[in-house]
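The residues making up each chain are set out below.
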Amino acid sequence: MSLTQNPAQTQTDFPDDIAARIAQSEARVIKAIFPSNTNHHNTLFGGDALAWMDETAFIAATRFCRKTLVTVSSDRIDFKKAIPAGSLAELIANVIHVGNTSLKVEVNIYVEDMYKDHREHAIRGVFTFVAVDENRNPTQVWPHN
């Protein structure tokens, strides 16, 4: 896989204003995989991967709507490739669904060799967030007020 490919499922049926906002809200985080983040197989601990994915999804969702958000679910998480210690992991989060009070964000993790031009898709998951008001009641995520 080239360094620029992204398996995100892009939806084209968004109104122009939402599509533009989605493009602006993409979040990218790069992590170095150190032994403190690995399991007994010397690969990234799944719990750390999930926490990083949730955080990166939260950043993208917040950039999209600029509202207070809470994570309400994570859909199927596919661990396709182990991420070894001594590599880099790039997390890319994109809003893929906009509801009335909720957003869905797809997160993909790519593993990259630190010392070679080689990158592969490793993990994919979808996280759902709900916008809440000051009383923690669901509130509209779009349009931005």
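That block above? That's the structure.
A few points on the structure. (Residues numbered from 1 in each chain as written. Predicted model: local features only at pLDDT ≥ 70, side-chain atom pairs only at ≥ 80, totals over all residues. Heavy atoms only, no water.)

All right, on to the environment of Lys 67 then. Note on placement: Lys 67 falls in the loop between helix H2 (46-65) and strand S2 (69-74). On the basis of relative accessibility, which here comes to 18%, the residue Lys 67 falls in the buried class. Put simply, Lys 67 and Thr 101 are 34 residues apart on the chain and 10 Å apart in space, counted from C-alpha to C-alpha. In this structure the side chain of Lys 67 is engaged in a polar contact, spanning 2.9 Å, whose partner is the backbone oxygen of Gln 140. (Helix = DSSP H or I, 4+ residues; strand = E, 2+ residues; numbered from the N terminus. Buried < 20%, exposed > 50% of the residue type's maximum accessible area, 1.4 Å probe, protein only. Polar contact = N/O pair within 3.5 Å; in protein donor to acceptor, adjacent residues only side chain to side chain.)

The buried fraction of strand S4 (residues 87-98) is high, at 10 of 12 residues. Both strand S1 (residues 27-32) and S4 contribute to a ladder of six bridges, which runs antiparallel. Residue pairing in the sheet places Ala 32 in a bridge with Leu 88 of S4. As defined by bridge partners, S4 adjoins strand S5 (residues 102-113) across 11 bridges and the pair is classed as antiparallel. If you follow Ala 89 over to S5, its bridge partner there is Val 111. Linking S4 back to S5 in an antiparallel pair, the connection comprises three residues. (Pairing = 2+ DSSP bridges.)

Time to look at the packing of helix H1 (residues 16-25) against H2. Across the interface, H1 lies against H2 with an axial gap of 8 Å and an inter-helix angle of 140°. With respect to their mutual orientation, H1 and H2 come out oblique. In this structure, H1 meets H2 at a crossing whose hand is right-handed. Contacts between H1 and H2 involve Ile 18, Arg 21, Ile 22, Gln 24 and Ser 25 on the former and, on the latter, Ala 60, Arg 63 and Phe 64. The residue makeup of the contact of H1 with H2, split by class, is four nonpolar, two polar and two charged. (Axes fitted to C-alpha atoms, helices over the stretch in contact; angles between N-to-C directions. Parallel < 35°, antiparallel > 145°, perpendicular 65-115°, else oblique. Left-handed = near helix turned anticlockwise from the far one by under 90°. Contact = heavy atoms within 4.5 Å. Nonpolar A, V, L, I, M, F, W, Y, C, P; charged D, E, K, R; others polar.)

What follows covers the pattern of salt bridges. Scanning all chains against the criterion turns up seven salt bridges. A salt bridge links Lys 81 to Glu 120, with the shortest nitrogen-to-oxygen separation between them at 3.7 Å. With Lys 81 in the loop between strand S3 (78-79) and S4 and Glu 120 in strand S6 (residues 119-131), the pair connects residues that are 39 residues apart, well separated along the chain. Judged by its relative accessible area of 33%, Lys 81 is partly exposed. Within this structure, Glu 26, Arg 28, Glu 90 and Arg 119 form a network of salt bridges that share partners. (Salt bridge = Lys/Arg side-chain N within 4 Å of Asp/Glu carboxyl O.)

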